[in-house]
Amino acid sequence: MSTILHTDKLCKSFSNGGLQQHIIKNLDLEIREKDFTIIMGASGSGKSTLLYALSGMDTPTLGRVFFGDKDISKYTNDQLAVFRRENCGFVFQSIYLLENMTVFDNIMTGALVIQKNTPELVKKTEELLKKVGIGEKLWDKYPNQLSGGECQRVGIVRAIINDPKILFADEPTGSLNSASSRDVLDIFTELNSKGQSIVMVTHDMKTALRGNRVIYLRDGAVIGEHEMPSFGTNDIKGRQEGLQRFLDEMGW
Amino acid sequence: MEKILRLSFANIKKHKKQTILLTLLIVFCMAITSAAIAGSIDMTSIFPRVADEYAVHKNALYIKEDYYNDSFIRLLREDERVTDIDHVRVLFSTATKYLDNEGEEQSLYMSFVTKELEENIERSPIETTLTDEEIAALEHPIYLPYAGRESLASKLSEGDTFNIIYGTKLFSFTVAGFYESIFMPATGMGFQMIVSDSDYVSLMTIIGKYEMVLFDCDPLDDCVDIYLKFYDRVEEQTGKDIGYNILSLLYKNLEQKSAVFSEIVIGIMLFMAVVIFIAAAIMIRFRIAGDIQDQIQSIGVLEALGYTSKEIALSYTAEYLMTALAGVIIGAGGAFALLPVLHRVAETLSGHHGSLHIFPLPILLTALTILIFVGVIAHTRALAVKKYPPVQAFRKGIAVHHFGKNRFPLRNTKNSVHLRLALKGFFDNMKQNISLTVCIAVSALAAVAGILIADLFASDLKAAARLTGEEMPDQIVTVMHSANTEELAERISEMQGVKRVQTGSFSLDLSEWMSLYAFDRESCLAPVSYPDFSQCENIQATAGRLPEHDNEIAVSKLFATQHSLKVGDDLTLECNRVKKNYIICGLVPSMSNDGTNLYITEQALKRIMPTYRPSAIEIYLEDKTDRAEFQTLLMQTYGRSVADTRKTESIGDTAEERLSAEADRLIAEYLANHGADHIEYSIQIGDKTISGSSESFAIKSVQDIKHVLQTQMGGIFSTISLTSWSLMGIAAVVSAIIIIALMEQAVRRQRKELGIMLGLGYTTKELMVQLAMRIMPAVIVAIILGTVGAAAVFHLVTDVMVGTTPINIPMMIVTIIIMILFCFGCAYVGAGRIKKISVTELMTE
Ligand SMILES: Nc1ncnc2c1ncn2[C@@H]1O[C@H](COP(=O)(O)OP(=O)(O)O)[C@@H](O)[C@H]1O
Ligand SMILES: [Mg+2]
């Protein structure tokens, strides 16, 4: 499988009240196409920071990020925005739907920015919404009239509506109850099985089990990596024990 | 109280830029309003103060020498309200001109007095930089009113040459100093000048003599009434209409006149202040509403901590009161800086010099009014806090509910998603849109009014010419009473370079002016008469048509409005106690002479004024004709005068030349002083015959009416262009501030949405355009409303004054487009705040 994304001595630091805080330190990482990559680590270890640097949401302080063979680390903010809409999809823990728009318009907002064929888009949106289990009667509702799980499913449709090369997710189930979580994760698994590359941040082991590659982060550096067969394969117990062992090693 | 103030300060700190913008608006508003009010008191009091200090008598009448009779003094004295009377002989002419720096002739009414005479009129000290010896050494010293130094086309100073022209004769004076002239202080009113005794005598031979009657009365306010009584009694006694034989310069009228420009300036300033205040009020309302929305959660926290909603509301009120206080204090400083400027402007415009009096009370009252207004507006808005008890405030902060109709669903997007999102945004902010519309509409109204006024008076004299309702020939010749106007016109028309000539009544020489009464002698009209109005180019009827028959007249639109007259109405005219009826056949847009021009054919005028003869010849020259050369030739041929005959150097050596010169001198003398009409001579010396006639004395004066207009209207032009520019400037500044403030606030309020959109891959530029587009429907509606409003007001005003004035439609469209682009630019700049939003900052929150 080919590499879709890789970093070269990636550093990210923030200045907090004049104090320079190095969150990501000289990180070298490769993300492979069609993988379901999981980034794990303790809270505050820099997972989100890494995800945003990888996805062009933010620019690295030092080092480079390559998308294919394009160096996106020197892009301007507007170039990054164009890069994002053409290549990336995002799912957030806090979902971040546009409160002042209906479910349907939330998705269209993300889609219309690059796709111009409205009728085709409407059809695609309807199909996707139905697929994630958002019935027609919810389409013209506003986000605050939906449950958290429903909202996140809308969020996922919004993230994949442009057929992104990579789908990024930052603890997508972090604010959902377990039933909703399962539904949402099933969607991710389904997407991955169809060949969607996914990079997901989580600090929940059950969630991590959905991936086929786990990267462990501590204090802004990758301290370990664990590969396992895809979620669809039957040896659930073996996968689970393997991951558990890895995490124990990492000091989880 | 302390904790309330602490909250207010925290808020101010948080919105530094918005606070600065608001302070700026209040500074403008305060400075302009208080300067306008305090300034108007100061400016209108300049003339009374100057008159109190320097005028020997407060009222003056200029009475033409041949009309004057000593019994007039007695008539005036019979009024018991008249406390003191004096009279002096002065020289006065409306046909005088002076040469400016470029050597161009400029028209100016002038009156001449000697030092001795002046002491009976004013006791103002003379300001000069010259020493007594230097002045004594001057051959032709002249003292001018202050305006000579300040508002003449060529600003003069001591020692400069001042060339006065009358006909073709030039008198060179040297400026010896300046002084305060009560009665003739400004270019618009004329200059009273002090000359030496010998110069006075030589000017007397050509410039008209007037008896200047000076009087005081008690009460002073009755001066106009006293004059009107006197006027009636004089006419009764002489049996002849006064017309333009008496020129009145009465205290009340002078006071009004000296303040008229100041009033225009003040009016404009107050209008601007109102526009600014509306903008400030709207800004305050929206900022508070926005702040409350923004901070609903922190308000909940504060309430949970035990702050009452009243205290929180008060903290908002206090915040704006503090901002307003800062603005008012800085603004007061601005007012103090503006006042001397306004005072100078008033001095320059009125020609009177008085010390600056600053009246603190209006400044204080303005400050208080602004503070009260701001307090009330802020407080009524801030009370909205009460609507949110803590729990609700918390919840509201978490979920802003959106119900209602989903306008412009994206599934129907046809063209640009950005446009569609902007439209959605527009409909989500209807309340804000209404205020924005009001604000921009008022600004647009101001700007467009400015442009319309500027256009009306643009391209030098186009508008002025149209508004005069008078013909604009290249030259107007005033013919001597002794000459035959038609014959002379015939001969002038045969001169080289003349396109056509027309005889008429219209002269720029006041002593030639005639008058007719209407409405039982309540109104005085100035006949503008031609044999045939179809020849006229500039005089046009906006209603009905120009007079053709001897029972028809046309009046000015202004006069018709004032007296509710319309086409078809009857008007009775009166002249020397004879009354005749005429039908009004048309209305002419004319503003000159306060709309008292009366259009009447020669034939019709003779019905009521049997002795009427046209006294003016209007000359239209070919384009290639040199104007100055032609005028010189014309004057040499037909415009000789008494003064010419005195010039010894022009007298030749031969006996014949000396004889003919002496003959000319005699003719001039007879024409000027003995009322002769026509003189011919022929002298035989040996076999030679020298002959001549009074024909070469046929022209009294020649004037270029365009020059006259330029000089007379100069003050108005500059006031008008000042008006237009300030209107446009203030409109631009106010709309820019409001739009930028609104956009910044919109960005702050929608930080989260905008952050999400950035995350979805919308570029900052796209979002800036989107946000700017969001207010454009309101802006466009406002600009169109403002433009239509301004056009309507303009139409109404000009309709009353001069008749329908066409509005330049293409220019209006260009203006609208420019204003829309300007507003869009401001909005785009204001939306630039988006650049400060970091996507990740939002996401990792
Ligand atoms: N914009 C920022 N400014 C300053 N510090 C930040 C910023 N974003 C993240 N951090 C800091 O970086 C560290 C890592 O944060 P984050 O990547 O969100 O951790 P994780 O997602 O692993 O919990 C935290 O200590 C956080 O305070
Ligand atoms: Mg995180």
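Scroll up for the structure.
Please read all numbers here as calculations on a predicted model, not as lab measurements. (Residues numbered from 1 in each chain as written. Chains lettered and ligands numbered in written order. Predicted model: local features only at pLDDT ≥ 70, side-chain atom pairs only at ≥ 80, totals over all residues. Heavy atoms only, no water.)

Draft legend 1. How the structure looks around the overall build of chain B. A tally of regular secondary structure across chain B gives 28 helices and 25 strands. Along the first, second and third principal axes, the C-alpha set of chain B runs to 125 × 60 × 50 Å. With an accessible surface of roughly 35,900 Å², chain B has 59% of that area assigned to carbon and sulfur atoms. Averaging the coordinates of the 75 positive side-chain charges in chain B and doing the same for the 97 negative ones gives two points 18 Å apart. (Helix = DSSP H or I, 4+ residues; strand = E, 2+ residues; numbered from the N terminus. Areas by Shrake-Rupley, 256 points an atom, 1.4 Å probe, with all protein chains shown as cover. Lys, Arg positive; Asp, Glu negative; His and termini not counted. Charge placed at Lys NZ, Arg CZ, Asp CG, Glu CD.)

Draft legend 2. Representation of the overall build of chain A within the structure. Along the backbone of chain A there are eight helices and 10 strands. A compact globule built from 252 residues would reach a C-alpha radius of gyration of about 18 Å, and chain A, at 18 Å, matches this within 12%. Each of the three principal axes of chain A carries a C-alpha extent, and together these read 45 × 45 × 40 Å. A buried classification covers 57% of the 252 residues belonging to chain A. Pairs at least 24 residues apart make up 69% of the contacts formed inside chain A by residues separated by at least 6 positions. Treating the 30 positive side-chain charges of chain A as one cloud and the 32 negative ones as another, the clouds have centres 0 Å apart. (Rg over C-alpha atoms; globule rule 2.2 N^0.38 Å. Buried < 20%, exposed > 50% of the residue type's maximum accessible area, 1.4 Å probe, protein only. Contact = heavy atoms within 4.5 Å.)

Draft legend 3. Main features of the pattern of salt bridges. All names here are of chain B. Counting across every chain of the model gives 34 salt bridges over all chains. Note that Arg-81 is salt-bridged to Asp-222, the shortest N-O span being 3.1 Å. Note that Arg-81 is positioned in the loop between α4 (71–78) and β2 (82–93) and Asp-222 in the loop between β11 (209–217) and α9 (223–238), a separation of 141 residues in sequence. Across the pair Arg-149 and Glu-127 runs a salt bridge whose closest N-O atoms are separated by 3.0 Å. (Salt bridge = Lys/Arg side-chain N within 4 Å of Asp/Glu carboxyl O.)

Draft legend 4. Local environment of the sheet that holds strand β6 (residues 88–92) of chain A. All names here are of chain A. Across the sheet, which stays open at both edges, the six strands sit in the order β6-β7-β8-β3-β9-β10 with mixed pairing between neighbours. Sheet topology places β6 and β10 (221–227) at the edges, where each strand pairs with a single neighbour. For this sheet, the mean inter-axis angle between neighbouring strands, taken without regard to orientation, is 20°. Pairing between β6 and strand β7 (residues 166–170): five bridges, direction parallel. Along β7, the bridge assignment pairs Val-91 with Ala-169. Here helix α2 (residues 77–87) sits on the sheet in contact with β6 and β7, set at roughly 85° to β6. (Pairing = 2+ DSSP bridges. Axes fitted to C-alpha atoms, helices over the stretch in contact; angles between N-to-C directions.)

Draft legend 5. Molecular detail of the interface of chain A and chain B. Opposite the 34 residues of chain A that make contact, chain B presents 35 residues. Across the chain A-chain B interface, the total number found is four salt bridges. A salt bridge links Glu-126 of chain A to Arg-411 of chain B; the shortest N-O distance between them is 3.4 Å. No other element matches the six residues that helix α3 (residues 103–112) of chain A contributes to the side of chain A that touches chain B. For the side of chain A that touches chain B, the residue count by class is 17 nonpolar, eight polar and nine charged. (Nonpolar A, V, L, I, M, F, W, Y, C, P; charged D, E, K, R; others polar.)

Draft legend 6. Just the site of ligand 1, in detail. Residues and elements named next belong to chain A. In the region of ligand 1, the neighbouring residues are Phe-14, Asn-16, Ile-23, Ala-42, Ser-43, Gly-44, Ser-45, Gly-46, Lys-47, Ser-48 and Thr-49. Contact distances for ligand 1 include 2.8 Å between an oxygen atom and a backbone N or O atom of Gly-44. Take Ser-45: an N or O atom from its main chain is 3.3 Å from an oxygen atom of ligand 1. About the coverage of ligand 1: the protein hides 70% of its 560 Å² of free accessible area. Of all the secondary structure elements, the ones that give two or more residues to the shell around ligand 1 are β1 (3–16) and α1 (47–54). Ranked by the residues each element gives to the shell around ligand 1, the list is headed by α1, at three residues. A per-class count over the shell around ligand 1 returns three nonpolar, seven polar and one charged. (Near = heavy atom within 4 Å. Polar contact = N/O pair within 3.5 Å; in protein donor to acceptor, adjacent residues only side chain to side chain.)

Draft legend 7. View of unusual backbone geometry. The omega angle of the peptide bond from Asp-218 of chain B to Pro-219 of chain B is 0°, so this bond is cis rather than trans. Looking at where Pro-219 of chain B falls in the secondary structure, it is placed in the loop between β11 and α9. Unlike most non-glycine residues, Asn-26 of chain A shows phi in positive territory, near 40°. For Asn-26 of chain A, the position within the fold is in strand β2 (residues 19–32).

Draft legend 8. Geometry of a nonpolar patch on the surface. Residue and element names in this part refer to chain B. A cluster of nonpolar side chains, namely Leu-361, Leu-364, Leu-365, Leu-368, Ile-372 and Val-376, defines an oily patch on the protein surface of about 600 Å² accessible area. Relative to the helices and strands, Val-376 is located in helix α13 (residues 360–382). On the basis of relative accessibility, which here comes to 48%, the residue Val-376 falls in the partly exposed class. (Patch = residues over 30% accessible without salt bridge, like charges linked within 9 Å, V, L, I, M, F, W, Y side chains within 5 Å.)

Draft legend 9. Geometry of the packing of aromatic side chains. A full pass over the atoms with the stated rule returns 27 aromatic pairs over all chains. Considering the side-chain rings of Phe-92 of chain B and Tyr-210 of chain B, the 5.1 Å spacing of their centres and the 90° angle between planes classify their relative orientation as edge-to-face. Here Phe-92 of chain B, found in strand β2, pairs with Tyr-210 of chain B, found in strand β11; they are 118 residues apart in sequence, far enough to count as distant. Seen from their ring centres, Tyr-98 of chain B and Phe-162 of chain B are 5.6 Å apart, and the 35° between their planes marks the pair as tilted. Pair noted here: Tyr-98 of chain B is in strand β3 (residues 97–99) and Phe-162 of chain B is in strand β7 (residues 161–166), with a separation of 64 residues, a long-range link. Here Tyr-98 of chain B falls in the buried class, since its relative accessible area comes to 1%. Residue class for Phe-162 of chain B comes out buried when judged on its relative accessible area of 1%. Among the aromatic residues, ring-to-ring pairing joins Tyr-67, Tyr-68, Phe-72, Tyr-227, Phe-230, Tyr-231 and Tyr-517 of chain B into one connected group. It is Arg-411 of chain B that lies over the ring of Phe-104 of chain A; its NZ or CZ is 4.0 Å from the centre. Just above the ring of Tyr-582 of chain B sits the side chain of Arg-607 of chain B; from NZ or CZ to the centre is 4.7 Å. (Phe/Tyr/Trp six-rings, centres within 6.5 Å; stacked < 30°, edge-to-face > 60°. Lys NZ or Arg CZ within 6 Å of the ring centre and 35° of its normal.)

Draft legend 10. The sheet that holds strand β13 (residues 475–479) of chain B, seen in detail. All names here are of chain B. Ordered by their spatial adjacency, four strands build an open sheet running β14-β22-β13-β25, and the pairing between neighbours is antiparallel. Unpaired on one side and paired on the other, β14 (498–504) and β25 (699–703) mark the two borders of the sheet. The average angle at which neighbouring strand axes cross in this sheet is 20°, direction not considered. In terms of strand pairing, β14 meets strand β22 (residues 616–621) through six bridges, oriented antiparallel. Its bridge partner lying in β22, Gly-504 is registered against Ala-616. Each of β13, β14, β22 and β25 is contacted by helix α18 (residues 485–493), which is oriented at about 170° to β14, the strand it contacts most. Contacts from helix α21 (residues 627–638) reach β13, β14, β22 and β25 within the one sheet, and its direction differs from that of β25 by about 175°.

Draft legend 11. Looking closely at the nonpolar core. Phe-188 of chain A together with Phe-112, Ile-142, Phe-162 and Phe-183 of chain B are the most contacted members of the largest nonpolar core, which has 270 residues in total. Ranked by residue count, the leading element in this core is helix α10 (residues 251–294) of chain B, at 20 residues. Those residues in contact with Phe-112 of chain B that lie beyond four places of it in its chain are Val-90, Leu-91, Ile-142, Ile-164, Met-193, Val-195, Tyr-200, Leu-203 and Ile-207 of chain B. Core analysis: the next-biggest nonpolar cluster, separate from the first, contains 22 residues, Val-555, Phe-559, Ile-584 and Ile-608 of chain B among them. (Core = buried A, V, L, I, M, F, W, Y, C linked by side-chain atoms within 4.5 Å.)

Draft legend 12. Up close: helix α25 (residues 751–760) of chain B. Residue and element names in this part refer to chain B. Of all 10 residues making up α25, eight are buried, and the element is well covered by its neighbours. Along α25, the positions that sit buried rather than exposed are Glu-753, Leu-754, Gly-755, Ile-756, Met-757, Leu-758, Gly-759 and Leu-760. Phi turns positive one or two residues past the end of α25, at Gly-761, with a value near 105°.

Draft legend 13. Summary view of α18 of chain B. All names here are of chain B. Buried within α18 we find Thr-485, Leu-488, Ala-489 and Ile-492. Down the axis, α18 shows its buried residues gathered within 105° of arc, on one side only. Looking at the packing, one finds that the buried side of α18 touches β13, β14, β22, α21 and β25. Capping of α18 at its N-terminal end is provided by Asn-484; its side-chain oxygen lies 3.0 Å from the backbone amide nitrogen of Glu-486. (Arc of directions from axis to C-beta.)

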